[in-house]
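# Fold and contact review
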Amino acid sequence: MTELHAEIKSRFQTAGRILIVSHVRPDGDAIGSTLALGLALADAGKEVQMALADGVPAGFKHLPGSDKIVKKAEGQFDLIVTVDCSDLKRVGEALDGYAHPDIVIDHHLTTEPFGTLNLIEPEAVATASLLTRYMPLWGLTITVPIAANLLTGLVTDTLGFRTANTTPEALRQAADLLELGVDMSSLYFRSLVRRTFAGAKYWGAGLSSLQRTDGIVWATLTMAERKASGYTGNDDADLISVVSSIDEADIAIMFVEQNPQKTKVSWRGLKAHLDVSQIARQFGGGGHKAASGAEINGSLAEVQEKVLAATRKALNQPH
Ligand code: 5GP
Ligand code: MN
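What counts and how
Residues numbered from 1 in each chain as written. Chains lettered and ligands numbered in written order. Predicted model: local features only at pLDDT ≥ 70, side-chain atom pairs only at ≥ 80, totals over all residues. Heavy atoms only, no water. Donors = N, O, S within 2.8 Å, 3.2 Å for Na, K, Ca; no water. Buried < 20%, exposed > 50% of the residue type's maximum accessible area, 1.4 Å probe, protein only. Pairing = 2+ DSSP bridges. Helix = DSSP H or I, 4+ residues; strand = E, 2+ residues; numbered from the N terminus. Contact = heavy atoms within 4.5 Å. Axes fitted to C-alpha atoms, helices over the stretch in contact; angles between N-to-C directions. Domains from an automatic or database assignment. Buried area = accessible area lost by both parts, 1.4 Å probe. Salt bridge = Lys/Arg side-chain N within 4 Å of Asp/Glu carboxyl O. Polar contact = N/O pair within 3.5 Å; in protein donor to acceptor, adjacent residues only side chain to side chain. Nonpolar A, V, L, I, M, F, W, Y, C, P; charged D, E, K, R; others polar.

### Considerations on the coordination of the manganese ion (ligand 2)
Distances from the manganese ion (ligand 2) to its protein donors, namely Asp29 (OD), Asp84 (OD), His107 (NE2) and Asp157 (OD), fall within the range 2.2 to 2.4 Å. Judged by its relative accessible area of 1%, His107 falls in the buried class.

What follows is the structure, encoded as C-alpha cells:
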C-alpha cells in the first residue's frame, strides 16, 4: 500500500464523525460516490453526514441512502472529504463555515490538490471507479446498496460505457458490482434514459434554439423556458447529450441561464485532438478533455459571445 493510501485508511479509522461533500448541480458520479463512501463509512461504525448544496435531483432519489443527504453541513467533524469535486468553489454552500477538506478524491484533469491528502487520478472514468478500486484497500466493504451507487457513478460518467476513456478496468468493475447482485438495467435506465415530461418539454425549448457555425453547435436554455416547462433543476436536463450527438459538431456547447448575471456553460469535444477543459479553464471552470463546464458571470448574450469567440479560436488552432 502506498503512503497516501495508508494515510487515507488511517484517517478513516481514527475519525469518529466524517463529512462527505460533492459538487453543485450533482450528477450521477457526484451522488453515487458521496453515497457509496458515506454508506461504507457508516457500516464501519462512523457517524457520517453527506451534503450536496443542491440536494438530490428527482432522477436520483431511487439511490440507496439518498434520503440521508442534506444541503448544508451541520455540526462538528473530525474529517472532511470531497468526492468528484474539481475545485473547492464547486462545493457551493455545502461547506460554508468549515475548514478546508482533509481528503480530496477526484478524477478531473483540471483538479488542483486543495485537500491535505489528495487522491486525484484523471485517467479514472469516474470517482466511483476510484472508490470501487480503493475502498476494499481502506478496509471498507462494498455491500449491494453501495454497489448500486458505485455502478450509477460508472454508468453515468461513461454515458453507459461509451465515452472514449472507457477502460477494461471500468467494465471489469461493473461486472464485479453486477455479480454482487445490483440491477444494472434498472439503474442504467433510471439515470441515463428515463426523463420527466417537464424535462422533455424543456429539451424542446432548448432544441428550438439550436445554432451552428463551422464545427460548433450550440443551444441555449433561459430561466423563462425552465419556468414554462416546469423543469425544477437549474441544469440543462442533460440536453448536452443530444447537442453533442449532432454529426456536424466538433464541439458542442450548452448555455444555461442561471440568473440575469450568471450563465452555466457546458462543452463537449467530439474530436480526439480537442481538449475543451483548456477553454473552460479560461473562464474559471474545468473538467475533462472531452467534457468540461464553467459558471460564468454575465448575461446569456454576453457569455455566449465570449465563449463562442474563445471556442472558435481553440477549434482553429493547428494540431
Ligand atoms: P457539465 O458540463 O456536465 O456540467 O460538466 C462536465 C464536466 O466539467 C464535469 O466533469 C464537471 O465536473 C466539470 N465542470 C462543470 N462545471 C464546472 C465548473 O464550474 N468548474 C469546474 N472546475 N468544473 C466544472
Ligand atoms: Mn465524475
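Additional details are given in the paragraphs that follow.
### With respect to the sheet that holds strand S11 (residues 291–297)
Taken in spatial order, the six strands of this open sheet run S6-S7-S8-S9-S11-S10, and their pairing is mixed. Edge positions in the sheet fall to strand S6 (211–213) and strand S10 (286–287), since each of these pairs with one other strand and no more. Bridge count between S10 and S11: two bridges; the pairing is antiparallel. Among the inter-strand pairings, Gly287 is bridged to a residue of S11, identified as Ser292. Helix H7 (residues 197–207) contacts strand S7 (216–221) and strand S8 (251–259) of the sheet and is inclined by roughly 125° relative to S7. In the packing of helix H11 (residues 300–316) onto the sheet, the strands contacted are S6, S7, S8, strand S9 (262–269) and S11, and the crossing angle to S8 comes to about 160°.

### Regarding the domain arrangement of the protein
Each assigned domain of the protein is listed here: domain 1 (3–193) and domain 2 (197–316). With centres defined by C-alpha atoms, the gap from domain 1 to domain 2 works out at 26 Å. Counting residues at the interface gives nine residues for domain 1 and 13 residues for domain 2. Roughly 940 Å² is buried in total at the junction of domain 1 and domain 2, and carbon and sulfur atoms are behind 44% of that figure. Here domain 1 is connected to domain 2 by one salt bridge. Residues Arg25 and Glu295 are paired through a salt bridge, measuring 2.8 Å at the closest nitrogen-oxygen approach. On the surface where domain 1 and domain 2 come into contact, there are six residue pairs in polar contact (both at pLDDT 80 or more). Residue classes in the side of domain 1 that touches domain 2 are distributed as one nonpolar, three polar and five charged.

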